[in-house]
Structures are given as structure tokens and as C-alpha cells.
Amino acid sequence: MSEHNTAIEPDSEVVRLSTSKYLSDLDVTSADERTPSINDKEWQEPARAPHMGLLSSCNMIIGLIIGSGIFASPGPVLLTVGSVGASLCVWALGGILSMMGALCYAELGCMIQRSGGEYQYLKTSWGNCVALTFTWSNLVLTNAIGTASIAIVFAQYICNMAYYDNVKHEIPKDVPTYVVKLVAVACIWVIILFNSLARRAGSMVQNVFTFAKLLALTMIIIIGFVWLGKGNVDAFYDSFANSSTNGLSYGTAMYLALFSYNGWNNLNYGLGEVKNPKRNLPLAIVLSCALVTTLYILANIAYLAVLGTETVANSSTIAMLLGYQVWGTAGAYFFALMVVLSTFGAVNGNVWAASRVMVAAAQDGIIFPKFLAHHHKSRQAPVRALITTGIIGSLWCIPGDFTYLANIYSFTGWLWYGITIAGLIYMRFSADMKAAERPFKVWLALPIIFVILDCYLVVAPLIDAGPGGITQYIICILIGLLAVPIWFIRVYKPALGRRLLGWIPGYQDVNYVDTTEKAIVPSEKQSSED
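Everything quoted here is computed from the prediction, not taken from an experiment. Every chain begins its residue count from 1, and numbering advances along the sequence as written. Per-residue local features of the predicted model are confined to residues with pLDDT of at least 70, and side-chain atom pairs are confined, for both listing and counting, to 80 or more; whole-chain, interface and lining totals are unaffected and use all residues. For the side-chain quantities, the full set of heavy atoms in the structure was used; hydrogens and water were omitted.

Participant: How should I be thinking about the overall build of the chain in this particular structure?
Facilitator: Looking only at helices and strands, the chain has 18 helices and zero strands in total. Burial classes follow relative accessibility: with a 1.4 Å probe on protein chains only, a residue under 20% of its type's maximum area counts as buried, one over 50% as exposed, and anything between as partly exposed. Across the 530 residues that make up the chain, the buried fraction comes to 58%. Where helices and strands are cited, they refer to DSSP runs of H or I of at least four residues and of E of at least two residues respectively, numbered from the N terminus.

This is the structure we're talking about:
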């Protein structure tokens, strides 16, 4: 995952744009303000001089996507689908689906030019209730589960380093589960403490962690080519033998692979700075997604060439095993250290971004209390939001392992991706939005195919999980839907909210104005100018 936002450099322009997305998106405004139009310049973000060409756009997308998932997902994907050929196809399909989603998001970002990302797209297409539900789900589910899952990967690698048998030169098979979870929680709180010390403390070492991620991936691919050159190709003979015949299991495998591709949607937070977007946007998306997909497939081939099918399928610390196979103990420690640095940086990026989003979401007091928007006077850090983010992330470390968390993370993330892109299809035909200016426009079949595939990705794992496993998904859906009654009593029926919650000290109504953007058709625009 680059994992919503994983392995993102906190001091980078991209993250500044992505976390500022909620600073003006909740529209707590005075009652005398008029409903804006999507074509009104005053309701668009201030124009920035485009400065990102094709190469810069590609670099940004690649940096946002590549994360820690490639060091943890290959084994579970292979184990789920049963064969090398099927697993490589899953990785390829994950890249294609991510590319389709990124192209659809590019149209949305060029059409709706206010900061807020999915929040603004959902608000424009489906209304404020759905948009606020997304905000809630993003903070208590998607982002928090992403943080916990990456922290689990960090813990698995660091525990294997600590439990490494220096006498037998063996990597431990069974590190105690409670130890892994405690280390994961400790990782989150070390980052919380670090970010609480000063406003920019979390960004001081991020470049080092990003470098470690890219170095490890590059070395793994090079080692794979060397091993293939030595004739280690046994894993690729009859590569589709033993493939799973359960079509639903491929949806679960896609979740695990897509965890590693997450981050493609973050390009939208910098769309206004791309030169010639009609040309550069689709090119950058296609080239970047194709490159990342190629790198991921090559990394999987390298794992298989060095370790073999059985070892890869049953490994949770695959990079460490590869290092041990190539260079012995020193190699195991080296790759484990690279992954530890990479995942630590990814957790840091997630926590940093989530805390800023929580501050902005708390400023209106609809879902989160306003006191969470407080910044420490001297340190200028959102300590309360950081602590709340840490608590939610720590709680998600408890339920299960990486595979469990990655499945839930992908379920919640791709559920919202599907709803968002379904809104794109709806806006193509709605009276309010079909006349909106679209500087970049995708072929209509693309979002339709994406939504169909997304429905499969959402439904198939639910069915495949069975009566016992479906509980985890139902719990996530119920947690996400908690935002609906909150919206109902805080925004739609504030009088009911006063009756139910007025006894709480400091309770206040929210002055919330529906600012759902509507397009002005050319004839209306001309008459308004007259």
C-alpha cells in the first residue's frame, strides 16, 4: 500500500494538498450565503501556476503508490489463488483497475476544482449525508485500518529481527502474536509522540524512509534477474497448476494486491498544478500505473525465483527471507531493516495526514468535537487529534493479522471508490451537472466497467468469507453508517439534536448550509451575466 496515503512525505506539496482537502470542504457558512455554482470562480480553489510536466506527474503518482504492501502481500495473494500464474494475473489486474480508477478521478478533479477530493465529489453527486459519511468512515475505518496494517508489517519484520536464531541461523517461524501487536501499537505511539513534539518533526526523517523503500524494491528486482539468469525457473513451470476454482477467492486476492496499489487517487490533490492536463494527465496515469504494475510483477517473480512457491505462499516477512537466501544473516537483517524503515515512514505519513484531516473535520463540530481542532501553543502540533488518531489506530491492531486488516482496508476503500465513480456516471446524465465543463473526459464505458468490477470486489469477499468471516465486514459497515444518525440530528433535524444532546455541556447547533455545487448551463450563465 502506499496506503492512503502511506509512505507519503509529510512536507511534500502533494500531502499539503491532500490534507488541506478538508480545510474548506465542510462548508460551515452563514445562512445568508447563496448556493454556489461549480462554474463560479469564487468557489473554485485559487489558481496555481501549472508547473508539473509529464515526468513530474509520473514521479508523483509512482511515489504515492509504491508502499509497504509489496513486502507483505505477495504471500497471501499466492496462497489465496493457489498458483504462480494466477497470482501474477491478479497483480496485473490490480494495476489495470487502479489505472482505470485514476483516469476516472482525473475527470472528477478537473470538473470539481474545490479542495476536498472524494468529499466534494460525493457531495456534488449524492449529497451532504453521503459526503459526511465518507469523512467519518475515512477517519475511523479506512485510514485507521491502513495505519494499523502497516504497523503490523513493521512489527512482523522487527520481531523477526529480534527473535532471529543466531546459532541455527534461522528466521523464526512463530513469533508470539501478542508481541507483534504490542510492537505495532508501540510503533504508532512512538510516531504520535514524535509528531507531538513539533509541527514539522514528523517530516524530518521521511526522505530517509522513502529512500529505504525504493532501495529495497530495486535490489529485490535486480536479485531476481540474477537468480533467473542462474536458471532458477522451477516455480514458473506449469504456472497455472493448482489454481483456485473458487471464483470468489479471486476477489479476496485482489483486495490483498490492491492494498499495494492504494494511493492512485491522491493525484487529484495536485491536478491544478499539472501543465496541459488534457495531454499529460492520461499519459502520466497510464505510464505510472504501467510502471508500478511492472515493478510489482518483477518483484513477485524475484521472490518466486529465489524462494520458491511454497516458501513465498507461507511467508509474512518475504523480503527478509529473500535476503537470508541470498546473503545469509547479514542479508536477512539488511532487508528487514529496509522494510522496517519503509513501514515506519509509511505509518508516520498516515498518522500525520489523518491528524490534519481530523483537525479540519473537527472545526465544524458536526461529527467530531471542536476541541480536537486545538493546536498546542508552543509546539504548534495538533496533539489532541494525534492522540485520537493513535487510539483509533491502536484499537485496529487488536482484531487480526495483516491479511485480516488488508482485506477490511481494501473493502472500505473500494466501497467508497465505487460509490464515488458511480457518482461520475450519474453526473454525466443529471440535469444539474451534465453541462458542467470537463477539461478532461474519459470514455463513458471506463467508469461503467470500473463500477461493475468494483461491485464484484465488494460483494465477492463477503460471500467467500462465509457466515463466520462476514462478521468483520458487517461491523465495518455498521461503524460507517453511524455517521448517518449523527448527520440527521446535527444537520437535518437540529431541533431533535438539541432535545437529545442538549444536556451535554457546551453543546451547540451547527450552522451548516447546503453548498452542493450545481453546474450552470450556458444559457443560464449568459442570463446571469446580463
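So, next bit.
Participant: For this particular structure, what's the right way to read the pattern of salt bridges?
Facilitator: When the charged atoms of two side chains lie near each other, side chains of opposite charge can form a pair. Throughout this description, the term salt bridge denotes a Lys or Arg side-chain nitrogen within 4 Å of a carboxyl oxygen of Asp or Glu. Counted according to the given criterion, the structure contains two salt bridges. Across the pair R428 and E107 runs a salt bridge, and its minimum N-O distance is 2.8 Å. You can see R428 sitting in helix α14 (residues 402-429) and its partner E107 sitting in helix α4 (residues 84-111), a full 321 residues away along the chain. The same class applies to R428 and to E107, which are both buried.

Participant: How should I be thinking about the environment of L372 in this particular structure?
Facilitator: With respect to the secondary-structure elements, L372 resides in the loop between α12 (318-362) and α13 (383-396). Among the residues examined, L372 registers a relative accessible area of 5% and is labelled buried. Distance in space between the C-alpha atoms of L372 and A362 is 6.0 Å, their sequence separation being ten residues. Residues contacting L372, with those up to four places away along its chain left out, are M358, V359, A362, R384, A385 and T388. Contacts are assigned to residue pairs with any non-hydrogen atoms lying within 4.5 Å of each other.

Participant: Got a minute to help me understand the packing of α4 against helix α9 (residues 249-261) in this structure?
Facilitator: A packed helix pair is summarised by two numbers, namely the angle formed by the two axes and the spacing between the axes. All axes here are fitted lines through C-alpha atoms, helices being fitted over the stretch that makes contact, and every angle between N-to-C directions spans 0 to 180 degrees. Axis separation between α4 and α9 bottoms out at 9 Å; the angle between their running directions is 60°. With respect to α9, the axis of α4 lies oblique. You can see that α4 and α9 cross each other, and the crossing is right-handed. In contact with A86, V90, W91, L93, G94, G95, L97 and S98 of α4, α9 contributes Y250, A253, M254, A257, L258, S260 and Y261. Residue composition of the contact of α4 with α9, grouped by class: eleven nonpolar, four polar and no charged. An angle below 35 degrees is treated as roughly parallel, one above 145 as roughly antiparallel, one from 65 to 115 as roughly perpendicular, and anything else as oblique. Helix crossings are classified by the rotation of the near helix relative to the far one: an anticlockwise turn of less than a right angle makes the crossing left-handed, while a clockwise turn makes it right-handed. Classification used: nonpolar for Ala, Val, Leu, Ile, Met, Phe, Trp, Tyr, Cys and Pro, charged for Asp, Glu, Lys and Arg, polar for all others including Gly.

Participant: Got a minute to help me understand helix α6 (residues 128-162) in this structure?
Facilitator: Think of an α-helix as 3.6 residues a turn; residues three or four steps apart then line up on the same face. End to end, α6 covers 49 Å across 35 residues, agreeing with the expected 51 Å (1.5 Å per residue, within 8%). We define the bend at each residue as the angle formed by axes fitted to the 7 residues ending at it and the 7 residues starting at it. Along α6, the sharpest change in direction is near 50° and occurs at N138. Of all 35 residues that make up α6, 32 are buried, and the element is covered over most of its length. By definition here, a helix of n residues has an expected span of 1.5 Å times n minus one.

Participant: I keep staring at the environment of A336 and nothing clicks. Help me out?
Facilitator: Locating A336 in the fold gives a position in helix α12. Among the residues examined, A336 registers a relative accessible area of 0% and is labelled buried. Sequence separation between A336 and F71 is 265 residues; the distance between their C-alpha atoms is 9.8 Å.

Participant: Would you mind showing me how to read the packing of aromatic side chains here?
Facilitator: For any pair of aromatic rings, the description rests on two quantities: the centre-to-centre distance and the angle between the ring planes. Any two rings among Phe, Tyr and Trp, with Trp reduced to its six-membered ring, count as a pair given centres within 6.5 Å; such a pair is stacked if its planes are under 30 degrees apart, edge-to-face if over 60, and tilted if neither. Under the definition given, this model contains 21 aromatic pairs. Ring centres of F488 and Y492 lie 5.6 Å apart, and the angle between their planes is 35°; on these two criteria the pair is classed as tilted. Of this pair, F488 and Y492 both sit in helix α16 (residues 483-492), four residues apart, which is roughly one turn of the helix. Overall, F488 belongs to the partly exposed group, its relative accessible area being 31%. Joined through ring pairs, the aromatic side chains of Y105, Y121, W264, W414, Y417 and F450 make up one cluster. Placement of a positive charge over a ring is assigned whenever Lys NZ or Arg CZ falls within 6 Å of the ring centre and within 35 degrees of the normal to the ring plane. Sitting over the face of the ring of W227, K230 holds its NZ or CZ atom 4.3 Å from the ring centroid.

Participant: Is there a simple way to explain the packing of α6 against α16 in this structure?
Facilitator: Running from amino to carboxyl end, α6 crosses α16 at an angle of 125°, the nearest separation of the two axes being 9 Å. Regarding the angle of α6 to α16, the classification is oblique. Crossing geometry of α6 relative to α16 is assigned as right-handed. Between α6 and α16, the residues in contact are N128, C129, L132, T133 and W136 and A483, V484, W487 and V491, respectively. Broken down by class, the residue content of the contact of α6 with α16 amounts to seven nonpolar, two polar and no charged.

Participant: What exactly am I supposed to notice about a nonpolar patch on the surface here?
Facilitator: A contiguous nonpolar patch, built from I474, I477, L478, L481 and V484 and spanning about 390 Å² of accessible area, is present on the exposed surface. Among the elements that line the nonpolar patch, the one with the most residues is helix α15 (residues 445-481), at four residues. Summarising the element assignment, I477 is placed in helix α15. Patch construction takes residues with relative accessible area above 30% that form no salt bridge. Like charges are linked within 9 Å, and nonpolar side chains (Val, Leu, Ile, Met, Phe, Trp, Tyr) are linked within 5 Å. For the area figures, the Shrake-Rupley method with a 1.4 Å probe applies, and any residue is considered shielded solely by the protein chains shown.

Participant: Would you mind going over the nonpolar core with me for this structure?
Facilitator: Note on terminology: a nonpolar core comprises buried Ala, Val, Leu, Ile, Met, Phe, Trp, Tyr and Cys residues joined through side-chain atoms within 4.5 Å. Residues F71, Y157, I220, Y303, L322, F368 and W396 are the most contacted members of the largest nonpolar core, which totals 152 residues. If we skip the residues at most four places from it in the chain, F71 touches Y157, K213, A216, L217, I220, Y303, S316, I318, A319, V339 and S342.

Participant: Just checking my understanding: could you explain unusual backbone geometry for this structure?
Facilitator: As a rule of thumb, non-glycine residues mostly have phi less than zero, and peptide bonds are mostly trans rather than cis. You will see that D238, though not glycine, has its phi angle at about 45°, which is positive. Note on placement: D238 falls in the loop between α8 (206-229) and α9.

Participant: Just to check I follow, could you spell out the confidence of the model for the chain for this structure?
Facilitator: Reading fine detail from the predicted coordinates is not recommended where pLDDT is low. The predicted model of the chain has a mean per-residue pLDDT of 81, with 81% of residues at 70 or higher. pLDDT runs from 0 to 100 and stands for how confident the predictor is about each residue. Low confidence marks residues 3-45, where pLDDT is under 50. Its contacts with residues over four positions away, or in another chain, come to 148 contacts. Predicted confidence for residues 519-530 stays below pLDDT 50, and this span has 14 contacts to residues more than four positions away or in other chains.

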